[in-house]
Structures are given as C-alpha cells and as structure tokens.
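Listed below, chain by chain, are the residues.
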Amino acid sequence: MTTTGPLAGVRVVEFCHVAAGPFCGMLLADFGADVLKIEPPGGDGMRQWPPLTDGYSENFAAVNRGKRSAVLDLKQPADRDRARALVLDADVLLENNRPGVMSRLGLGWDWFGPRKPALIYCSISAFGQDGPRAAEGGFDLTIQAASGVMSVTGEPDGAPVKAGVPLVDFGAGLYAAYTIAAMLARVRAGGPGGAIDVPMFATTIAISALQTSEYFGTGRNPRKLGSAHPRNAPYQAYRASDGWFAIAAGNDRLWQLTCERIGATELLADARFASTQLRSANQAALEALLQALFTRQPVAHWLALLAPAGVPCAPINGYAEALADPQAEYLGLVQPMTLPNGARTRTVVCPVRIDGSNLPVDTRPPALGEHTNAVRGQAAPAGSGDAAQAGRISEASQP
C-alpha cells in the first residue's frame, strides 16, 4: 500500500459501503494514509456491481484502490472487540452507515470519544446524525431529488432527470476527506479530535451555491435550462451538421471573438445582444440564430475556428474520447491496475499534482478479507478497557 504522501503515517479504519464513504477513504489512501477497510462476511455490496472482470467488480475497484481489507462480523463480540482495538490504534474512523448503527454495534463515538479524545470520527449519512430526517436513508438519486439538483437538471419541458455523475456521493466524500485533513492538522497541533457529521443532503445543497444564491437574490426557484446558463450566453451545447459541441463565450470579449470567427458580425450590432445580461435575457432568440448557422458545418469546422481564437469550446465527448484526450494522457490520468485475481485493467488516478508531479498512487484494490489474518493476529481485543488495552499493529504486518 502507499507509504508516501502528505498523509503517510495516518491510520484510517473504514466501515463503509457503496460510494460516498469508500470514495473518501480512497482519497485519503491516495494521499498516503493506511486505510483498512472492515467488511462484513459478504463484503461491501459494491463488490457485486458490474462490470465484472474475471469476477471482480470494476466499480468497486474504482473507489477502493490502495486499501487493505479485513472481514469482521461486528455482531460477534470477539470481532467487535478486534474492531475497537484497531480503531484505538488508529487516527481516523470513517463510516457511512445510518445514524445509530455504529452505536448499536458498540462502535459509536459515545464509546470511543472518552477512551481516545484524539480520534477523528467521521460519519457520512443521508441527512445527518440528528434532526427530523436523520433516521431516513438515502442514495444519490433521492438526495439529488431532495436537495434541488433534479429541479435544475434537464431540458426546460422535460421530465425530471438526475445528473449522470453521482455528484451527491462524491461531493460528500470530498467534504469528508477535506474535513478529516483539517482535523488531522488540529490534532497534530495539539488539539483534540472529534466527531465529524457529513450530511449528503447538506453537502449537495452547499455545492449548489449558484442556485441557492439565485433563489436568495430573486425569491424564485432556479429553473431547468438544459445545457444553457442562467446568466451567460452563448453558453451551451449546439448541434452541428454531424454532432454536438459546446461554447462558453461568457463575457463581451469572447462574444465578439465568437461572432468574428463564425462570420456573424451582424449580431454584434443587434441591441438584444449588446451585453452579457441582455444576451442572457434573450438567449432563446440568440440560440435560434446561432443554431441555424451551426447546422451548416461539422463540429470540427467550428472548433477549428473558435479554439485558436481562445473561445472555450469542446465536442460533447463520451468517456472513451475524454480518456483519450491528449491532455488526459499528459496528466497521466489513466494508469494500469492489477486486480487481486491477476486481471489487468485501468483506472483514473488522483487528478491533483503536487510540485509538478502526480501522486504515487497505489492502484491495486484489495481482495475481500485479504488482510483478515494479519488483523486477527495483531489486534488485541479491546472490549471493556481503555486505549491501553489496544494492541498495536506492527509495521511488519503492513503489506
């Protein structure tokens, strides 16, 4: 597992499943933390999600690389005590169960807080650890619905649709990882740990800052605009003769360049489009005029005119095209991955570069229970005592 990086030496015990919590744990592992994933005897349910490569889930691998895996039946006192010992020997506990589940298992902050005040205990849940909706579960779809995202996603007259990327899960995971890193800085400075509460509902509303500010400023719900923007135009997808592409001419200079490059300088004299605000207010009329022009030539023609002039534009790529982009290759985003069964595949590694270099990410995900024997052999039960009872996992046991 990764032994370098800004979080090298940090120990994380993860009690997570599916996406939000595992994604957070993977981010910590990417930056060097030792992340031990505790799984039930049947494993994280995401291990069954297709596509399966020789029986191993590519979806699971994509959010669990660089971790260790131990199987513990937390309903059994001996395994619960092993889990306690592991956490008492760690810096961070990460979990994304429904509120109350960890406490019922004897693994809640109420048990760990008095015994290890320096522990950072991070909980990710649908609506938070308390409040009128705390007991409710939630998945990316239902939180997109509840948080307002689906109300602004899709075509103006279309049925409700969700964002194609699970932004609820990964947004919450990012908030959790960011907060854990901040808390680690506090602990290293001599301060206490504490319990982190990451409500997916709240983090999704928080990343909707432009939409909530629009509501606060106007008193009206933001509306669906398809690919268009409520305050900029032309700033959307257009159909060319052979496909779609997007233009983001978000200021007056870019608007002028766009008109000059596509041969539509007459639009510069149209009073309806004389400013960003006016173009936005009249964007339906502007779209109709531009769309009639763009259908005359293929995507490549328009990109060749606009991109060299500095107008932000792009084809509507599939993931195959996006991953093959020369910039993706330059950034080293796609790296080989060897699954525990020996099958070879690929993954997208950490996109952040430090001092001009990619992080040395360990791309291998764990087999179910691959490190159980080491955990059982090294972790002394800590069922009733304090942190002094917790055995320490020797460095030799770390693969």
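Structure's up top.
Residues numbered from 1 in each chain as written. Predicted model: local features only at pLDDT ≥ 70, side-chain atom pairs only at ≥ 80, totals over all residues. Heavy atoms only, no water.

Draft legend 1. Inspection of the packing of aromatic side chains at higher detail. Tallied over the entire structure, the rule returns 12 aromatic pairs. One aromatic cluster in this structure is built from Trp109, Trp111, Phe112 and Tyr121. (Phe/Tyr/Trp six-rings, centres within 6.5 Å; stacked < 30°, edge-to-face > 60°.)

Draft legend 2. Spotlight on the nonpolar core. Grouped together as the largest cluster of nonpolar side chains are 39 residues, with contacts concentrated most on Val12, Cys24, Leu28, Leu94, Cys122, Ile124 and Ile180. Secondary-structure elements contributing two or more residues to this core are helix H1 (20-30), helix H2 (58-64), strand E6 (92-95), strand E7 (120-125), helix H7 (167-188) and strand E8 (194-199). The next biggest cluster of nonpolar side chains, apart from the first, holds 23 residues, and it includes Ala249, Ile262, Ala264 and Leu306. (Core = buried A, V, L, I, M, F, W, Y, C linked by side-chain atoms within 4.5 Å. Buried < 20%, exposed > 50% of the residue type's maximum accessible area, 1.4 Å probe, protein only. Helix = DSSP H or I, 4+ residues; strand = E, 2+ residues; numbered from the N terminus.)

Draft legend 3. View of the sheet that holds strand E9 (residues 235-239). Strand order across the open sheet formed by three strands is E9-E10-E11, with antiparallel pairing between neighbours. Each edge of the sheet is formed by a strand with only one pairing partner; in this case those strands are E9 and strand E11 (313-315). Each strand axis lies, on average, 20° off the axis of its neighbour in the sheet, ignoring direction. Here helix H12 (residues 283-294) sits on the sheet in contact with E9 and strand E10 (244-248), set at roughly 35° to E9. (Pairing = 2+ DSSP bridges. Axes fitted to C-alpha atoms, helices over the stretch in contact; angles between N-to-C directions. Contact = heavy atoms within 4.5 Å.)

Draft legend 4. Structural view of the environment of Asp89. Among the secondary structure elements, Asp89 is positioned in the loop between helix H3 (77-88) and E6. In this structure Asp89 comes out as buried when scored by relative accessible area, which is 9%. Linking Asp89 and Pro117, residues 28 residues apart in sequence, is a C-alpha distance of 12 Å. At 3.0 Å, the side chain of Asp89 and the side chain of Arg11 are in polar contact. (Polar contact = N/O pair within 3.5 Å; in protein donor to acceptor, adjacent residues only side chain to side chain.)

Draft legend 5. Here's a closer look at H1. Where burial is concerned, most of H1 is hidden: 11 out of the 11 residues are buried. Those residues of H1 not exposed but buried are Ala20, Gly21, Pro22, Phe23, Cys24, Gly25, Met26, Leu27, Leu28, Ala29 and Asp30. Just beyond H1, the residue with positive phi is Gly32, at close to 110°.

Draft legend 6. Summary view of the packing of helix H6 (residues 140-147) against H7. Close contact between H6 and H7 brings their axes to 8 Å; oriented N to C, the two are set at 85°. Judged by the inter-axis angle, H6 sits roughly perpendicular to H7. Where H6 approaches H7, its residues Asp140, Ile143 and Gln144 are matched on the opposing element by Leu167, Val168 and Asp169. When grouped by side-chain class, the residues that make up the contact of H6 with H7 number three nonpolar, one polar and two charged. (Parallel < 35°, antiparallel > 145°, perpendicular 65-115°, else oblique. Nonpolar A, V, L, I, M, F, W, Y, C, P; charged D, E, K, R; others polar.)

Draft legend 7. Seen up close, the sheet that holds strand E2 (residues 34-39). Strand order in this open sheet of six strands is E5-E2-E1-E6-E7-E8, and the pairing throughout is parallel. Strands at the two margins of the open sheet, each flanked by one partner only, are strand E5 (67-71) and E8. Averaged over all neighbouring strand pairs, the angle between strand axes comes to 20°, with direction disregarded. The pairing of strand E1 (residues 11-15) with E2 spans four bridges and is classified as parallel. Each residue of the ladder has a partner; that of Val12, found in E2, is Val35. Those strands touched by H3 are E1, E2 and E6, and its axis lies near 145° from that of E1.

Draft legend 8. Representation of the pairing of E5 within the structure. Most of E5 sits out of view: five of its five residues are buried. Here E5 shows no split at all, with Lys67, Ser69 and Val71 on one side and Arg68 and Ala70 on the other all buried. Here E2 runs beside E5; their pairing, made up of five bridges, is parallel. Bridge pairing in E5 links Ile38 to Ala70.

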